[in-house]
Amino acid sequence: MRNLIISAALVAASLFGMTAQAAEKPEAPYVELSNPVPVAVPGKIEVVELFWYGCPHCYAFEPVVNPWAEKLPADVNFVRIPAMFGGPWDAHGQMFLTLEAMGVESKVHAAVFEAIQKEHKKLTDKEDMADFLATQGVDKDKFLATFDSFAIKGQINKAKELAKKYEISGVPTMIVNGKYRFDIGSAGGAEQALKLADQLVAKERAATKAVAN
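Nothing here was measured: the structure is a model prediction, and the numbers come from that model.

Draft legend 1. Looking closely at the overall build of the protein. Of regular secondary structure, the protein possesses nine helices and five strands. When the helices and strands of the protein are read in sequence order from the N terminus, they spell out α-β-β-α-β-α-α-α-α-α-β-β-α-α. For the protein, the residues scored as buried account for 41% of the 213 residues in total.

Draft legend 2. View of the pattern of salt bridges. Taken as a whole and judged by the stated rule, the model has eight salt bridges. Linking K160 and D90 is a salt bridge whose minimum nitrogen-to-oxygen distance equals 3.1 Å. On the criterion of sequence distance, the pair formed by K160 in helix α7 (residues 150-166) and D90 in helix α3 (residues 88-102) is long-range, its members being 70 residues apart. With relative accessibility at 30%, the residue K160 sits in the partly exposed group. The salt bridge partner of K126 is D148, with a shortest N-O separation of 2.5 Å. Note that K126 is positioned in helix α5 (residues 126-134) and D148 in the loop between α6 (140-147) and α7, a separation of 22 residues in sequence. Three or more residues joined by partner-sharing salt bridges are found here, namely E49, E62 and R80.

Draft legend 3. Layout of the packing of α3 against helix α4 (residues 105-117). It is at 9 Å that the axes of α3 and α4 come closest, and there the two elements cross at 155°. When the interaxial angle is binned, α3 and α4 end up roughly antiparallel. Taken as a pair, α3 and α4 cross one another with a handedness that is right-handed. Between α3 and α4, the contacting residues are H92, M95, F96, L99 and E100 on the first element and E105, V108, H109, V112 and I116 on the second.

Draft legend 4. The arrangement of the sheet that holds strand β5 (residues 180-183) in detail. Ordered in space as β1-β5-β4-β2-β3, the five strands form an open sheet in which the pairing is mixed. Every other strand in the sheet has two partners, leaving β1 (31-32) and β3 (76-82) as the edge strands with one partner each. Of the pairings in the sheet, the one linking strand β2 (residues 45-51) to strand β4 (residues 173-176) comprises four bridges and is antiparallel in character. Paired with V48 across the bridge in β4 is I175. In the packing of helix α2 (residues 56-70) onto the sheet, contacts are made with β2, β3 and β4, and the angle to β3 comes to roughly 160°.

Draft legend 5. Looking closely at the nonpolar core. Counting residues in hydrophobic clusters, the biggest one holds 46 residues, and the most contacted among them are L50, M95, L99, V112, L133, F143 and Y166. Taken together, the elements giving at least two residues each to this core come down to β2, α2, β3, α3, α4, α5, α6 and α7. Looking at this core, the element that brings in the most residues is α3, giving seven residues. In contact with Y166, other than residues within four places in its own chain, are L33, V37, E46, V48, L50, I81, I175 and R181. If you look at the next biggest cluster of nonpolar residues, it comprises 21 residues, including V64, W68, F182 and L200.

Calculation notes
- Going along each chain's sequence as written, the residues are numbered from 1 onward.
- Under the rules for a predicted model, residues below a pLDDT of 70 receive no local features and side-chain atom pairs below 80 are neither given nor counted, while totals for whole chains, interfaces and linings still include all residues.
- Remark: hydrogens and water are excluded; side-chain values derive from all non-hydrogen atoms of the structure.
- What counts as a helix is a DSSP run of H or I of at least four residues, what counts as a strand is a run of E of at least two, and both are numbered from the N terminus.
- Three labels apply to residues, based on accessible area from a 1.4 Å probe with only protein chains included: buried if under 20% of the type maximum, exposed if over 50%, partly exposed otherwise in between.
- Here a salt bridge means any side-chain nitrogen of Lys or Arg lying within 4 Å of a carboxyl oxygen belonging to Asp or Glu.
- Throughout, an axis means a line fitted to C-alpha atoms (over the contacting stretch in the case of helices), and angles, computed between N-to-C directions, take values from 0 to 180 degrees.
- Should an angle lie under 35 degrees it is considered roughly parallel, over 145 roughly antiparallel, and from 65 to 115 roughly perpendicular; all remaining angles are considered oblique.
- Each helix crossing is assigned a hand: it is left-handed if the near helix lies turned anticlockwise from the far helix by less than a right angle, otherwise right-handed if that turn is clockwise.
- What makes two residues a contact is simply this: any of their non-hydrogen atoms within 4.5 Å.
- The rule for pairing is simple: two strands pair if DSSP sees at least two bridges between them.
- Buried Ala, Val, Leu, Ile, Met, Phe, Trp, Tyr and Cys residues that are joined via side-chain atoms within 4.5 Å together make up what is termed a nonpolar core.

Encoded structure:
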């Protein structure tokens, strides 16, 4: 009986030790992808933000991520990719890709966000998109022609394929160098997410230098 009590005590102590060790090791705020995704510009460290114009969290992230992106060093390439999960996600994603192809996305990005988030415009119909964008200086006929072009269909397929490879389930989500995935929640907030991005960029930069040496 005494031996059984001692054995039970030892097992309990062992389990307690394992629990304590687990508690001491915090869970990483990011996921390392099992299959890294090639970056868009070889030789540069890529930071991707997957977003949706209809996402209030993405809208709230804008005033934080934009100043950060503008100050990134020359060896870092910041890319926005629309998440396209069907319905309005696809419509807004196609609008973004069209504006990007036209070279005017940066000029109207904030206005599109404002229209959807603050003015509650749906902007899911291409004619409505074109009419609104015309008020922002975008050529309506050129927008409509580009929107339905073969090139944009190819970009849509590429964006959807990347989202699958990144294994995303929501937005905003960030991917660093095709290897590390995290969101604002897992990082602990918007500012923390960008600090984490900086840390992972530094990690990738150091790894590149180590290989070169």
